Amino acid sequence: MTPKTIYQTVVVVAASCATVPVRAEDSELPSGIDISQIESMQRQRWLDVDREVELRRVDKIALEQAREYRTGEHARAPERGRDGRILLPFNGSPRVICAPKHVCDIELEEGEMIHNSALGNGSDEQGEWELTIAGTSTTPHLVVKPLVPNASTNLIVHGQTRVYNIELVSTASPRDDYMPFVAFKYPE
């Protein structure tokens, strides 16, 4: 978001907290308010939510099934592949464990064409992960790098034949073990 967009998004909050007049039609930030104040107010709005969404019974069942999928409770064990690859089962929500100052290479199925990808940023709005899409024209690779320790997020990749929903986890230290090269074992 640009400072102006953030400003316009929270102008109502800023108006109630500011010591200077704030008008939505202003194109510049009013004097006396800096962008960090507005960002702080915007974050606080999320923390101040005082009501919860009421979940129906069917919603609770769906959330339990999603949790089981994410945690990999029913997933097969990984296998060792050629050239140091760790073959993660495609079923379930595979978890790729990375380490700060290192990249992890996630190889997709040969012939897969990536249509779209979305990388969550975890809890830090500045982003805790970097994503690069690389590889040959026949075998795409996703190269992910954690920018901070102890970070977690998800990565969703829409391919021509599959949708990949991958959990990314960063270890506490660059010295910790990590998975430098992973691929998937697909159901037959």
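Structure: above.
Quick look at the structure, then. Please read these numbers as outputs of a predicted model, since none were measured by experiment.

## Let's talk about the pairing of strand β9 (residues 163-170)
The element β9 is extensively covered by neighbouring structure, given that 6 of its 8 residues are classed as buried. Sheet analysis places strand β3 (residues 95-98) next to β9, joined by 4 bridges and oriented parallel. If you follow I97 over to β9, its bridge partner there is V169. Both strand β8 (residues 152-159) and β9 contribute to a ladder of 7 bridges, which runs antiparallel.

## Structural notes on the environment of E107
Along the chain, E107 falls in strand β4 (residues 104-107). Spatially, the C-alpha atoms of E107 and R85 are 9.0 Å apart, while their sequence positions differ by 22 residues. The contact partners of E107, leaving out residues within four places of it in the chain, are R85, T139, P140, H141, F181, V182, A183 and F184.

## As for the sheet that holds strand β1 (residues 79-80)
Pairing is mixed across the open sheet formed by 6 strands, whose spatial order is β1-β2-β10-β4-β7-β6. For this open sheet the edge positions go to β1 and β6 (129-135), each flanked by a neighbour on one side alone. Bridging between β6 and strand β7 (residues 140-146) involves 7 bridges; their strand directions are antiparallel. Within β7, the residue paired with I133 across the bridge is L142.

Rules used in this analysis
Residue numbers restart at each chain and count upward from 1, following the sequence in its written direction. Residues qualify for local features only when their pLDDT is at least 70, as the model is predicted, and side-chain atom pairs are given and counted only at 80 or more; totals for whole chains, interfaces and linings, by contrast, use all residues. Side-chain metrics in this entry use all non-hydrogen atoms of the structure; hydrogen atoms and water are not considered. Relative accessibility thresholds used throughout: buried, under 20% of the residue-type maximum; exposed, over 50%; partly exposed, between the two (1.4 Å probe, protein chains only). Per the convention used, a helix needs a DSSP run of H or I reaching at least four residues, while a strand needs a run of E reaching at least two, with both numbered from the N terminus. We call two strands paired when DSSP finds no fewer than two bridges between them. Should any heavy atoms of two residues lie within 4.5 Å, those residues are considered in contact.

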